[in-house]
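# Topology and contacts: notes
These are the residues of each chain, in order.
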Amino acid sequence: RLSTLLQTTHQSKERADRDAKAMADSGALHYAINWYRGIPLSDRRGIDTKVTVPTMFVWSEGDTAIDRKGALACGNYVDGPYRFERLAGSHWMLDEQPDVVAELLLEHVEAYPA
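Each value, and the rule that gives it
Residues numbered from 1 in each chain as written. Predicted model: local features only at pLDDT ≥ 70, side-chain atom pairs only at ≥ 80, totals over all residues. Heavy atoms only, no water. Phe/Tyr/Trp six-rings, centres within 6.5 Å; stacked < 30°, edge-to-face > 60°. Core = buried A, V, L, I, M, F, W, Y, C linked by side-chain atoms within 4.5 Å. Buried < 20%, exposed > 50% of the residue type's maximum accessible area, 1.4 Å probe, protein only. Helix = DSSP H or I, 4+ residues; strand = E, 2+ residues; numbered from the N terminus. Contact = heavy atoms within 4.5 Å. Expected span 1.5 Å × (residues − 1). Arc of directions from axis to C-beta. Pairing = 2+ DSSP bridges. pLDDT = per-residue confidence, 0-100.

## Remarks on the packing of aromatic side chains
- Taken as a whole and assessed by the stated rule, the structure comprises three aromatic pairs.
- Seen in terms of ring centroids, W35 and Y36 are 4.8 Å apart; in terms of plane orientation they differ by 90°. Their pairing is edge-to-face.

So this is what it looks like as structure tokens:
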């Protein structure tokens, strides 16, 4: 059933089967579900505190988890250097465009060395 759900988010059957099996075999699915269950119980103190470290948000236009409005609003919560990158594709950009995402991350890390 998890594979079928992942496929509704535009993940290929092969990759959805791979990820569903990995989550089921490792027990990660239990923890992933509990993360979502815990959201309403989260401590909301400091929620208005803005991020001050260099931040990059990489979003794809076909993302089914984060819509355009939400993605564009993320910069409102950053006071430090902020970069927004929009890619074509789906929520699964790490599978679809790993080289593009890796290059963006390398550029970001190089721009702000520790």
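Next comes the rest of the account.
## Some points on the nonpolar core
- Counting residues in each nonpolar core, the largest one holds six residues, listed as M56, V58, L87, M93, V101 and L104.
- If you list the elements that add at least two residues to this core, you get β1 (55-62) and α6 (98-111).
- Leave out the neighbours within four places in its chain, and M93 touches V58, W59, S60, L87, P98 and V101.

## Some remarks on α6
- If you check α6, its first and last C-alpha atoms are 20 Å apart, about what 14 residues at 1.5 Å a residue would give, namely 20 Å.
- Among all positions in α6, only V101, L104 and H108 are buried. With its buried residues spanning 60° around the axis, α6 presents them on a single face. Residues of α6 that are exposed and angled more than 90 degrees away from the buried face: D99, V109 and E110.
- In this structure, the buried residues of α6 make contact with β1, β2 (82-90) and α5 (93-96).

## Considerations on the pairing of β2
- In terms of strand pairing, β1 meets β2 through seven bridges, oriented parallel. From the neighbouring strand, M56 faces β2, where its bridge partner is R83.

## A closer look at the confidence of the model for the protein
- Summarising the model, the protein shows a mean pLDDT of 92, and 100% of its residues fall at 70 or more.
- At the low end of the mean pLDDT range in the protein sits helix α3 (residues 28-38), at 88; at the high end sits α6, at 97.

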